[in-house]
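Read off the chains here:
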Amino acid sequence: MKQTMKLEVFRCAACGTTLFPARYLCPACGGAQWTKPVVSSGTVRAATTVSHRVGAREPGAVHLASVQTDAGPVVIARFEAAARKGETVLLEVDEESRILAHPR
Ligand SMILES: [Zn+2]
């Protein structure tokens, strides 16, 4: 059975700048205190399909897209089928820390 987790982004406690992935210091204000709001959905900004890669463990095409999360930061997510630009998706993280997107 597949274990999944919620996707967390990183929000500066001082100024509210929201990032993914995490950085040590906030690029806007230099703060180092972060909260970790959960994001569960986003919108596809750009999609691509990577066909079979040499050395890949999983055969076949991999569908990837940059997804603007509802919290702001853009993440790269894996899709089970080709993503469509403008599509809204649900986001989660698998046991290998990959971000997965599912049609809403
Ligand atoms: Zn900040």
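For every chain, the first residue of the written sequence is number 1, and numbering continues from 1 along that sequence. With pLDDT at 70 or above as the cut-off, local features in this predicted model cover only qualifying residues; side-chain atom pairs require 80 or more to be listed or tallied, and sums for whole chains, interfaces and linings still use all residues. Neither water nor hydrogens contribute to the side-chain values; these are computed over all heavy atoms in the structure.

Per an unreviewed UniProt entry, the protein chain goes by the name Zinc ribbon domain-containing protein and belongs to Paraburkholderia tagetis.

Visitor: Looking at this structure, how should I read the coordination of the zinc ion?
Guide: Angles between donor atoms at a metal ideally measure 109.5 degrees for a four-coordinate tetrahedral arrangement and either 90 or 180 degrees for a six-coordinate octahedral one. Water is absent from the atoms considered, so a metal site may look incomplete; donors are defined as N, O and S atoms within 2.8 Å of the metal, or 3.2 Å for Na, K and Ca. Coordination sphere of the zinc ion, protein contribution only: Cys-12 (SG), Cys-15 (SG), Cys-26 (SG) and Cys-29 (SG), at 2.3 to 2.4 Å. Geometry is assigned from donor-metal-donor angles: four donors are tetrahedral when every angle falls between 85 and 135 degrees, four are square planar and six octahedral when opposite donors sit over 155 degrees apart with all other angles between 65 and 115, and any other arrangement is irregular. Considering all four donor atoms around the zinc ion, the spread of angles at the metal, 102 to 115°, places the coordination shape in the tetrahedral class. For the zinc ion, the donor residues sit on a single chain with the sequence spacing C-x2-C-x10-C-x2-C. Note that Cys-15 is positioned in the loop between strand S3 (10–12) and strand S4 (18–19) and Cys-26 in the loop between S4 and strand S5 (34–35), a separation of 11 residues in sequence. Partly exposed residues are those whose accessible area sits between 20% and 50% of the maximum for their type, while under 20% is buried and over 50% is exposed, using a 1.4 Å probe and protein chains only. Residue Cys-15 is classed as partly exposed on the basis of its relative accessible area of 39%. The class for Cys-26 is buried, based on a relative accessible area of 4%. Helix and strand definitions follow DSSP, with helices as H or I runs of at least four residues and strands as E runs of at least two, each counted in order from the N terminus.

Visitor: What exactly am I supposed to notice about the layout of surface pockets here?
Guide: Think of a ball as big as a water molecule: rolled over the atoms, this probe shows where empty space is left. Taken as a whole, the largest pocket holds about 200 Å³ of empty space. What lines the largest pocket is a set of 13 residues, among which Lys-2, Arg-78, Glu-80, Arg-98 and Leu-100 lie closest to the centre. Counting residues per element, the ones that place at least two in the lining of the largest pocket are strand S8 (62–69), strand S9 (74–79) and strand S11 (99–103). It is S11 that provides the largest number of residues to the lining of the largest pocket, a total of three residues. For the lining of the largest pocket, the residue count by class is four nonpolar, two polar and seven charged. Both site types are read off a 1 Å grid over the protein atoms alone. A 1.4 Å probe that fits but cannot get out defines a cavity, while an open set with protein on both sides within 12 Å along at least five of seven lines defines a pocket; lining residues have an atom within 4 Å of a point. Grid points are joined across faces, edges and corners, and a volume is the space filled by probe spheres set on the points. Just so you know the grouping, Ala, Val, Leu, Ile, Met, Phe, Trp, Tyr, Cys and Pro go in nonpolar, Asp, Glu, Lys and Arg go in charged, and all remaining residues, Gly too, go in polar.

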